[in-house]
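# A closer look at the structure
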Amino acid sequence: MNTHSSSVPLTDGQQAAQERMETPEGRREFWRATFSCWLGTTMEYADFALYGLAAGIIFGDVFFPQATPVMALLSSFAAYSVGFIARPIGALLFGWIGDRHGRKIVMVITIGLMGFSTMLIGLIPSYAQIGVWAPVCLVILRFTQGLGAGAELSGGTVMLGEYAPVKRRGLVSSIIALGSNSGTLLASLVWLVVLQMDKDALLSWGWRIPFLSSILIAATALFIRRHIRETPVFERQKALLKAEREKSLRRGQAMKQQDTRSFWRRTRAFWTMVGLRIGENGPSYLAQGFIIGYVARVLMVDKSVPTVAVFIASILGFAIIPLAGWLSDRFGRRIIYRWFCLLLILYAFPAFMLLDSREPWIVIPTIITGMGLASLGIFGVQAAWGVELFGVTNRYTKMAFAKELGSIMSGGTAPLVASALLSFYGHWWPIAVYFSLMAAIGLVTTFFAPETRGRDLNLPEDAI
């Protein structure tokens, strides 16, 4: 177990971040990096939420007008899924660059790629203007958008974790989760405004406004990121590698030592992160995705009820997320994550029973509780734990790919699996079992994961 308390002296790696924070310039750099990471994650989640809402509301008419309503909706979401396919590719590509050339350069590339792709979606001519090339362009831009998004979230998490003071790493890293909350909230508000337009104006040019306006966030984040300094952890790692290379060259020993450990030992931290991600991402997509549709379309509750619930949960997220990060600093990553997973297991069956009441005053708190546990709180703990699980050598690549793989295995497919279960069984109990099973995977994983609070981020080896 790697823990840190005030009675334990700081290691060299921890000291690097601490010393920088003790200078006025260092504190300015920290806040600049924090703000830019928050903006980047805000944009990532705003982009995906913007597209998700547009796919359900408008893209069928703009890009697939000759298809039936159902096929148009499926086609829109098929293009949406391309972004998820691209994410693990982006995680591997940009993670590799980030581990070898620095976190800053990747953060600049990803925000530019995401911002430019999103803006161009707003400029695509309609099917009526250029025919089949319209949906082709949409798919290409979704792919490039996904490439950037695959490395943005993990990149921001790594940067914040490596910048943060040791004792506040959980709290500071949770800001990434605040960005995701901000992006979803922003996209919802923008679409609420745009949807007030009449249908003709909305179809011809109104739907483009949210996509074009996202360039403002991207430009601001890009400007800030170009002027931030590399993280103290990576700067120290770069200096150590340079010194080792020079030493090896002087001795004529350019050979790199091979890792003789078994595949399981070398990849144990990676699979642990995948397990933790499944425990968070699967329940999250069910709580903020499937359950919303279930309440509105299956239970036939007024659509304003789940909308109000999501809005209130998003507002409360600005308190829940940092609280979860602070608790992980105070009591440890493992015990807080374990409690969240346990509460999610206990939540599943009572939640669906309460939703069946169809009473707004019961449905709204039930949805808020689910989102608070699955989409907000547990995500706030995961940020710092993910950074600390991996050694400095391949931290960015391993964490980014593990998160994206875990997301595909759970969150990316969760609403589809839940819909299939509901269709086959005609009842909610298999969905509650599925919800509990994914949370249980996260719970079991915590018993194999180490406590990493306060770990020296310059250690080359993974925590396990």
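Here, every reference points to the structure presented above.
Structure report, in brief.

The rules behind the values
Residues numbered from 1 in each chain as written. Predicted model: local features only at pLDDT ≥ 70, side-chain atom pairs only at ≥ 80, totals over all residues. Heavy atoms only, no water. Helix = DSSP H or I, 4+ residues; strand = E, 2+ residues; numbered from the N terminus. Buried < 20%, exposed > 50% of the residue type's maximum accessible area, 1.4 Å probe, protein only. Contact = heavy atoms within 4.5 Å. Areas by Shrake-Rupley, 256 points an atom, 1.4 Å probe, with all protein chains shown as cover. Bend = angle between axes of the 7 residues up to and from the residue. Polar contact = N/O pair within 3.5 Å; in protein donor to acceptor, adjacent residues only side chain to side chain. Salt bridge = Lys/Arg side-chain N within 4 Å of Asp/Glu carboxyl O.

## Focus on the overall build of the protein chain
Tallying secondary structure elements over the protein chain gives 19 helices and 0 strands in all. Here the protein chain holds 464 residues, and the buried ones make up 55% of them. The long-range share in the protein chain, meaning contacts at least 24 apart out of those at least 6 apart in sequence, stands at 85%. As presented, the protein chain carries roughly 20,300 Å² of accessible surface, and 68% of it is formed by carbon and sulfur atoms.

## Comments concerning helix H13 (residues 263-298)
Along H13, the largest kink reaches about 45° and is centred on Ala269. In the stretch just after H13, Met300 is the one whose phi turns positive, near 60°.

## What about the side chain of Thr446?
In this fold, Thr446 is placed in helix H19 (residues 429-446). A distance of 2.5 Å separates a polar atom in the side chain of Thr446 from the backbone oxygen of Leu443. Among residues more than four places away in sequence, those in contact with Thr446 are Leu276, Arg334, Tyr337, Arg338 and Trp385.

## Side note on the pattern of salt bridges
Tallying each qualifying case throughout the model produces 13 salt bridges. As a salt-bridge pair, Arg225 and Glu152 come within 2.7 Å of each other at their nearest N and O atoms. Placement of the pair is Arg225 in helix H11 (residues 208-226) and Glu152 in helix H7 (residues 133-163), with a sequence separation of 73 residues. The residues Arg225 and Glu152 share a single accessibility class, namely buried. A cluster of three or more residues bridged by salt bridges with shared partners is formed by Asp99, Arg103, Glu162 and Arg395.

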